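The primary structure of each chain is shown beneath.
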Amino acid sequence: MKSLGFCKLVLTVAVAGAMAAGTASAETLRLSHNTGDSTTWHQGAERFAELVSEATDGEIGVRVFPNAQLSGGDQMRQAEMVGRGALDLLVTSAINVTPLVPEMAVFSLPYLYATYDQVDATTRGKPVELLEEILEERGIVVLAWGENGFRELTNSVRPIRTPEDMRGLNVRVAGPMYVDVMNSLGANPQQMQWTETMTALQQGVVDAQENPVGAVIIPQQIYEVQDYLTAWHYSYDPIFLGISREKWNGYDADTQSAIRQAAEEAMVYQVDITRESTAEGLDFLREQGMEITELSEEEIAAFREATQPAFAEWAERVGPEIVAAFQEAIDASGD
């Protein structure tokens, strides 16, 4: 009997030890993004976390931190932190990485794109590989591309239909390229962290902001502090899911394949829900009391002409080779 009791004790200790070892071997990666937990960014990040856990039988977990919590609320620092291995993963938009990689501004050049087919021809084609190579040199491996969307203007002052209507408007912007675009329109751009923007809009520190409808304006409830929206499709902004190169290189090929597949599936989901929300978005915003201004082709042409100096300046910074690759893919898309 004593022998049987001893065997049970040994078995219990062995099982407990195995469970502890299994727990100790599990890894939790930290993923940072700069919007709130109601956005499609967050939904895509959470889907990625679920898929990674499933693909690795729980050996790798992902914890998602919204609102740039891990970079002290500084959305621009996230990429730099991932690049040096201080953060594992990020979901961020191309424009937020331009301080580190100016070439990323190519996506958001004013009026580069007119349709989603043109967007997809670049983000799912050869041109994007040029950006992925540059990001990897900076320590970030791009796993998959998602969508922030076409950026539309909201404000609390007046309807905007012409470039002249922009004069004197205090506009919150996300990055340096948008500063130059707004200056070309006679507005007063103020570069500001997203975490500070809602308060600034509520207090009247800024009059306006520009962001995509489905990914940001609706889920972040911009309609509660802004009265007017102009659908001018002036700039497109993709997001990407990236991982620290240092962390990535520590995985074997099978694990890398599982993580990348999870990222690609999660970002397909994120693009789908973003575009669905955007398609229904203007009607929803009207129901919330916003006055929507939809521009004609002639009116959009006036904005395109007014922002041409900013386009030319930033195309030079991005580099002729990259801009040409994007424009060729757009032309070949048939739109």
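Computed from a predicted model, the values in this text were never measured in an experiment.

Cut-off values and rules
Residues numbered from 1 in each chain as written. Predicted model: local features only at pLDDT ≥ 70, side-chain atom pairs only at ≥ 80, totals over all residues. Heavy atoms only, no water. Helix = DSSP H or I, 4+ residues; strand = E, 2+ residues; numbered from the N terminus. Buried < 20%, exposed > 50% of the residue type's maximum accessible area, 1.4 Å probe, protein only. Contact = heavy atoms within 4.5 Å. Areas by Shrake-Rupley, 256 points an atom, 1.4 Å probe, with all protein chains shown as cover. Lys, Arg positive; Asp, Glu negative; His and termini not counted. Charge placed at Lys NZ, Arg CZ, Asp CG, Glu CD. Salt bridge = Lys/Arg side-chain N within 4 Å of Asp/Glu carboxyl O. Arc of directions from axis to C-beta. Polar contact = N/O pair within 3.5 Å; in protein donor to acceptor, adjacent residues only side chain to side chain. Phe/Tyr/Trp six-rings, centres within 6.5 Å; stacked < 30°, edge-to-face > 60°. Lys NZ or Arg CZ within 6 Å of the ring centre and 35° of its normal.

Caption draft 1: Spotlight on the overall build of the protein. Counting its regular elements, the protein contains 13 helices and 9 strands. Along the three orthogonal principal directions, the C-alpha set of the protein runs to about 95 × 45 × 30 Å. Out of the 335 residues in the protein, the part that is buried amounts to 54%. In the protein, the share of contacts with a sequence separation of at least 24, taken over all contacts with a separation of at least 6, comes to 76%. Of the roughly 14,500 Å² of accessible surface on the protein, a fraction of 48% belongs to carbon and sulfur atoms. Side chains of the protein carry 22 positive and 51 negative charges; the gap between the two charge centres is 8 Å.

Caption draft 2: Up close: the pattern of salt bridges. Under the defined criterion, the tally for this structure stands at 15 salt bridges. Of the charged contacts, one joins Asp-120 and Arg-275 as a salt bridge, the two residues approaching to 2.9 Å between their closest N and O atoms. In this pair, Asp-120 is assigned in helix H4 (residues 116-123) and Arg-275 in helix H10 (residues 253-287), connecting sequence segments 155 residues apart. Accessibility classification places Asp-120 together with Arg-275 in one group, the buried group. For the salt bridge of Arg-286 with Glu-294, the shortest nitrogen-to-oxygen distance reads 2.7 Å.

Caption draft 3: Quick look at helix H7 (residues 194-203). Among the residues of H7, those classed as buried are Trp-194, Thr-197, Ala-200 and Leu-201. Seen end-on, H7 carries its buried residues on one side only, within an arc spanning 95 degrees. Exposed and facing more than 90 degrees away from the buried side of H7 are Gln-202 and Gln-203. Residues of H7 that are buried sit in contact with strand S5 (170-173), strand S7 (208-212) and helix H8 (213-217). A positive backbone phi angle near 75 degrees is found at Gly-204, which sits one or two residues after H7.

Caption draft 4: Representation of the side chain of Arg-151. Structurally, Arg-151 can be placed in strand S4 (residues 140-155). Within the structure, the side chain of Arg-151 is placed 2.8 Å from the side chain of Asp-237, a separation counted as a polar contact. In contact with Arg-151, not counting residues within four places along its chain, are Ile-95, Arg-172, Ala-174, Tyr-178, Glu-210, Asn-211, Pro-212, Trp-232, His-233, Tyr-234, Ser-235 and Asp-237.

Caption draft 5: How the structure looks around the side chain of Ser-32. On the secondary structure map, Ser-32 appears in strand S1 (residues 27-33). Judged by its relative accessible area of 0%, Ser-32 falls in the buried class. In contact with Ser-32, other than residues within four places in its own chain, are Phe-65, Ala-68, Leu-70, Gln-78, Leu-87, Leu-89, Leu-90 and Val-91.

Caption draft 6: Seen up close, the packing of aromatic side chains. This structure, assessed with the given rule, holds 10 aromatic pairs. Ring geometry for Trp-145 against Phe-240: centres 5.5 Å apart, planes inclined by 55 degrees, an arrangement best described as tilted. A residue pair is termed long-range when its members are at least 10 positions apart, and Trp-145 in strand S4 and Phe-240 in strand S8 (residues 228-244) qualify at 95 residues. Per residue, the accessibility class of Trp-145 equals that of Phe-240, and both read buried. Measuring from ring centre to ring centre gives 5.5 Å for Tyr-223 and Phe-284, while their planes differ by 80 degrees; the resulting arrangement is edge-to-face. A residue pair is termed long-range when its members are at least 10 positions apart, and Tyr-223 in the loop between H8 and S8 and Phe-284 in helix H10 qualify at 61 residues. Judged by its relative accessible area of 28%, Phe-284 is partly exposed. Here the aromatic cluster, defined as three or more aromatic residues joined through ring pairs, consists of Phe-107, Trp-145, Phe-240 and Phe-326. Over the face of the ring belonging to Tyr-269 we find Arg-47, whose NZ or CZ atom lies 3.8 Å from the ring centre. Directly above the ring of Trp-314 sits Arg-317, whose terminal nitrogen or CZ lies 4.2 Å from the centroid.

Caption draft 7: Looking closely at helix H12 (residues 308-318). Of the positions making up H12, those classed as buried are Ala-310, Phe-311, Trp-314, Ala-315 and Val-318. Projected onto a plane normal to the axis of H12, the buried residues spread over an arc of 130 degrees and lie on a single side. Exposed and facing more than 90 degrees away from the buried side of H12 are Pro-309 and Glu-316. In this structure, the buried residues of H12 make contact with helix H6 (176-184) and helix H13 (320-332). The first or second residue beyond H12 is Gly-319, which carries a positive phi of 115 degrees.

Caption draft 8: Examining unusual backbone geometry more closely. One non-glycine residue with positive phi stands out, namely Asp-57, at about 50 degrees. Looking at Asp-57, the relative accessible area reads 71%, which means it is exposed. Non-glycine residue Ala-68 carries a positive phi angle of around 50 degrees. As for its placement among the helices and strands, Ala-68 is situated in the loop between strand S2 (60-65) and helix H3 (77-83). We classify Ala-68 as buried; its relative accessible area is 0%.

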